[in-house]
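Spelled out, the chains give:
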Amino acid sequence: MIGSRNSGPDLSSRAALTFLKSEFPDISVSDAPAVVLERPAAADPPRLSAVELIEHKKFSSVPLVAEPAANRTSGFGGFLDGAQKVQVLAYPKGVPIVLGTVSAGIRCRVERRLITWKERDPAVERKLYLPLAFLGGTRLASSERFEVVDTSADREGAGVDAHPLGLVDRAMQLVQENRESLENRFAEDWCDTEGTPLFIDGGISGSARVATSGLAVGVIKSHRTLYLEDSALPTLFALKKGERSSVFRVSARSRRTVASWYLRIRSAAGQDPLWGLVRIEIADSPDAVSRVDEISRWVLAESSPLSLPDGRWDKMAYGIRDAEEFLRAIS
Amino acid sequence: MTSALGRVVATERKPNTPHEFHFWTALDSPVGIGTIVRVDGTQPIEGQIPRIYGIVVEGFSYTDLQTPMHDVLGHDGSPSDAGYALTERAEIRLYTAAVLRQIPEEPLQPVPMGQVFLAEEPDVQIALRMDTYLREGANTGIPIGVYRAGGTEATVYLDADFLLGPEAAHLNITGVSGLATKTSAVEWLLSSLFTHFPEEKGSIAAVCFNVKGPDLCYLDQPGRVEDSDRKLYEKLGVKPEPFEKVQYFAPYTAKGFTLNTLRSNPALMHNVNALTWGLREVLQYAEVLLNRDDVDAKADALIDFIREQVLDKQFDDPLLTRTHTVQSFADLDAWFREVLRGLEQKDDQSWRTHHVATIRKVRNRLSNISTRCAGLVTDFGEVSDLPFGEFEDRTVYVVDVANLEEDAQDLIFARIVSKLREHLERRDLGVKHLVVFVDELNKYAPSDGLDNYVRKMLLDISERGRYLGLVLFSAQQFRSQVHRRVVGNSSTSVFGRMDSDELATPGYATLSPATRTKLATLDKGQLMIRHPHFTQPIFVRFPRPSVMQGREGAEKFPAAREGSLDAAVFRALRQLDPDITLNWVQDATALYTEQEVLKARNATLLAKPKDVRAFFLSQFRRIIPAQQAHERPVVAAIKGLPLDDPYGF
């Protein structure tokens, strides 16, 4: 878990501290700067996951026809991204008080420029994640500004240990769930109202409406789990720029089944084997395989302009970077 | 109310101040350098929502690209591919505006955050403080042009009290040659001035010195006015018509046959007058023509002596053989000859404390004047001058010196301006306010070089003229090369398209780089204005003058060629009497010398008599034509005396 200390409490932190002091007058919180926690980098251990191929009998590479720049097209009409920020405001009696901020929004492309989707305003939500049981109270306090989420119990409702790091992890988990939920709401609205495909930063299997929509295309940049068997790894790593893998089916507990494939959007020569590699998810429909090449070309086309200086620029579409910058500006 | 076109932004690195602020706009907003904007604050100050007016002085555009290298990498070094990116990078238009006015004006605070609107016409009036002099009943506004931005068109007014005095005065125009900006701007401004100068402030006229080409030669002739200009005229409340009353003055050519002006076409001669001076007029301004290095205190003393003791007086001296009445260069030369002859005869070296060498030198220099300024200065003293004392309201008096030698130009300029000043001091010029337009100020009031009479006079006008109602409208190509006090005293400065070298001089350092760039690329008909009420320079558009342009006029009314003496006299007299024929002129002048004929013509033109023929003939001396001698009648001889007649002789 990586933390960084700001120069002073920001406006939302100060408001949260003021709220806490009024709700829990007997606990002592200082006005010290909040510690900002990054998303856990290693939440899931790296692993391989066997999948069912729905194209080819063997995991293979498929070269896409290279198109001159002038002929490149993309069917994506919008780009969805979400962001989250977790700040530990204080540790009264060793109990972490966490302020979680999540945001999501869609940027539409109109005449080659990205603007905010007008059908649904971008959303920013702030919540206080408090282990109320350890703070000497069980009541859920709320204000107009803050919703309080109790972190005293785990997902199944069982009580958790008072280990401060465990409580922070629990809060972070809840913040992440909140962000995913917010993103899903945006994706669902898009799929219900729009007629052009949506480029989603991440998977689409979290929502049934999204996972079954022909308009949702999820592009995953992280590869903690590789959906293939050991024997297929050389084929995956050998993918050249503009080559995709066979299409396979991804299923997970509590998630919807989707069709997926890998696509190399930048040459990995001299880089690590996952450089420029994305995994794409679409609805597992009967025509899924027939759409794969076209969608792959769209994703390739979205690799320009570059998303530098973002560290993930090798995999990130410019539309997603724009959405991230936009969310950073408003949250 | 229009919708906002931008938002004020400020960062720690680029904060707003009481005199400058920053705002961003949409990419397609109509904002540009010179656009006037209004900021509506959000927090009331002492119960009033602040409003800030500013003018855009700088603009920035950038994307989220961190280094150019990222773009190169993104398109594999192929610029042609770059244009096909499906998404344009996020881009900003960020502008810096200089504050024109804050309301309330106190307390003066940094510009607050707020929405930015395009200024509409009422906003422009407030921003430029024009509301203070466009009040009903006390309107002293003189339209100078139209400010345009987005959909806004607003008339920009100068304050007559600050243009013609008494608060401040004078106007200076700078611009490159060849774009007709300077002359056109002055012609337009004079039209506007004559139309809008408040009646209660009295009469106004203008004296314009035409120093090059046919620029000012057709002010009374209609010019081409495009529809777009017609709309501007309507907006500015000026009729698109030539000047109603214009009088032209020009000296004769060296030969003296015709006037030395491009406006010599017979169709236009009705208001062209000769400008000729005699000894009296010239001697007052002799120092203009005399090289100061050459003429020392001793020479000065002799010139003063001639001016005070000799000129127009009956001068007697034991040295002289007769009484001299010196009224012309010819008389003066005769006087000098006698003085020098007398000294030679007496073998004396000085006369009345003046050394013979000084006398010779002054004679040489003064006699030379009529040669150097031939056409302007007459040997015999005929004077045809501007109508000092009878100047008329809303009249332009053009003095054409374009084809004259530098000396003659200086003399004309010095004498006319001095006379104007004298009359204005005595309040008997005929008008209360007078605008003097001088082009090529680089030449007449340079920032470097020797001090001369003309420059001293221009300095004097610029520093004290406004108290007299004498206002200098001056123009030049390089403002940096004009004497600082002359341009510094011009309350209003106008800039047309500028030379980039000139813009690089320190005088323009207060302008932003973007404003300087705009100045270097201004269109015809666009000006940048500085005026005491405007805290920042303003860009305006003015209509093409509704008078015939010099080049067009020269083609339509070609100048008369200097032909024979008879033809020149015929053309001149026919302006007074259309019935006069060339044959009549030839018959009338056949017996006289060229000098006599010119003298008679000049006198006739000056007198403008009813009976032109009679007057013209009366100017000649009587000559009885030679007749063939008749043969004497033979008288019959009386009878002869006898040879031996004792009474005969």
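Residues numbered from 1 in each chain as written. Chains lettered and ligands numbered in written order. Predicted model: local features only at pLDDT ≥ 70, side-chain atom pairs only at ≥ 80, totals over all residues. Heavy atoms only, no water.

### Description of the overall build of chain B
Next up, step 1: Across its full length, chain B carries 22 helices and 24 strands.
Next up, step 2: A compact globule built from 649 residues should have a C-alpha radius of gyration of about 26 Å, whereas chain B, at 34 Å, is more than 25% larger.
Next up, step 3: Counting only C-alpha atoms, chain B reaches 150 × 60 × 55 Å along its principal axes.
Next up, step 4: Within chain B, the fraction of its 649 residues that count as buried is 51%.
Next up, step 5: Contacts in chain B between residues far apart in sequence, at least 24 positions, make up 74% of those at least 6 positions apart.
Next up, step 6: Of the roughly 30,700 Å² of accessible surface on chain B, a fraction of 50% belongs to carbon and sulfur atoms.
Next up, step 7: When the 73 basic and 88 acidic side-chain charges of chain B are each reduced to a single mean position, those positions are 2 Å apart. (Helix = DSSP H or I, 4+ residues; strand = E, 2+ residues; numbered from the N terminus. Rg over C-alpha atoms; globule rule 2.2 N^0.38 Å. Buried < 20%, exposed > 50% of the residue type's maximum accessible area, 1.4 Å probe, protein only. Contact = heavy atoms within 4.5 Å. Areas by Shrake-Rupley, 256 points an atom, 1.4 Å probe, with all protein chains shown as cover. Lys, Arg positive; Asp, Glu negative; His and termini not counted. Charge placed at Lys NZ, Arg CZ, Asp CG, Glu CD.)

### Some details on the confidence of the model for chain B
Interpretation of the predicted coordinates at a detailed level should be avoided for regions scoring low in pLDDT.
Next up, step 1: Chain-level statistics for chain B give a pLDDT mean of 89 and a share of 96% at 70 or above.
Next up, step 2: Least confident of the elements in chain B is helix α8 (residues 286-289) of chain B, whose mean pLDDT is 75; most confident is strand β2 (residues 20-25) of chain B, at 97. (pLDDT = per-residue confidence, 0-100.)

### Digging into the domain arrangement of chain B
Next up, step 1: The domain boundaries assigned to chain B delineate domain 1 (6-119), domain 2 (153-272 + 385-552), domain 3 (280-372) and domain 4 (563-649).
Next up, step 2: Each of domain 1 of chain B and domain 4 of chain B has a C-alpha centre, and the two are 88 Å apart. (Domains from an automatic or database assignment.)

### So, the nonpolar core
Residue and element names in this part refer to chain B.
Next up, step 1: Of all hydrophobic cores here, the largest spans 77 residues; its most connected members are F209, W335, F391, I416 and L434.
Next up, step 2: Per-element tally for this core: the top contributor is helix α12 (residues 406-426), with 9 residues.
Next up, step 3: In terms of domain composition, this core takes at least three residues from each of domain 2 (153-272 + 385-552) and domain 3 (280-372).
Next up, step 4: Residue contacts for F209: discarding those within four places in its chain leaves L216, V399, I412, F413, I416, V417, V436, F437 and V438.
Next up, step 5: The next biggest cluster of nonpolar side chains, apart from the first, holds 69 residues, and it includes I142, I173, C208 and V272. (Core = buried A, V, L, I, M, F, W, Y, C linked by side-chain atoms within 4.5 Å.)

### What about the domain arrangement of chain A?
Residue and element names in this part refer to chain A.
Next up, step 1: Domain boundaries in chain A define domain 1 (1-38 + 83-103 + 122-182) and domain 2 (44-76 + 197-331).
Next up, step 2: The distance between the C-alpha centroids of domain 1 and domain 2 comes to 34 Å.
Next up, step 3: With 7 residues of domain 1 at the contact, the number on the domain 2 side is 5 residues.
Next up, step 4: At the boundary of domain 1 with domain 2, total buried surface from both sides reaches about 450 Å², with 71% on carbon and sulfur atoms.
Next up, step 5: When residues of domain 1 are sorted by the area they lose upon contact with domain 2, S103, P122 and V124 head the list and together hold 61% of the total.
Next up, step 6: In this structure, the salt-bridge partner of R255 is E180, at a minimum N-O distance of 3.5 Å.
Next up, step 7: Where domain 1 meets domain 2, there are 0 residue pairs in polar contact (both at pLDDT 80 or more). (Buried area = accessible area lost by both parts, 1.4 Å probe. Salt bridge = Lys/Arg side-chain N within 4 Å of Asp/Glu carboxyl O. Polar contact = N/O pair within 3.5 Å; in protein donor to acceptor, adjacent residues only side chain to side chain.)

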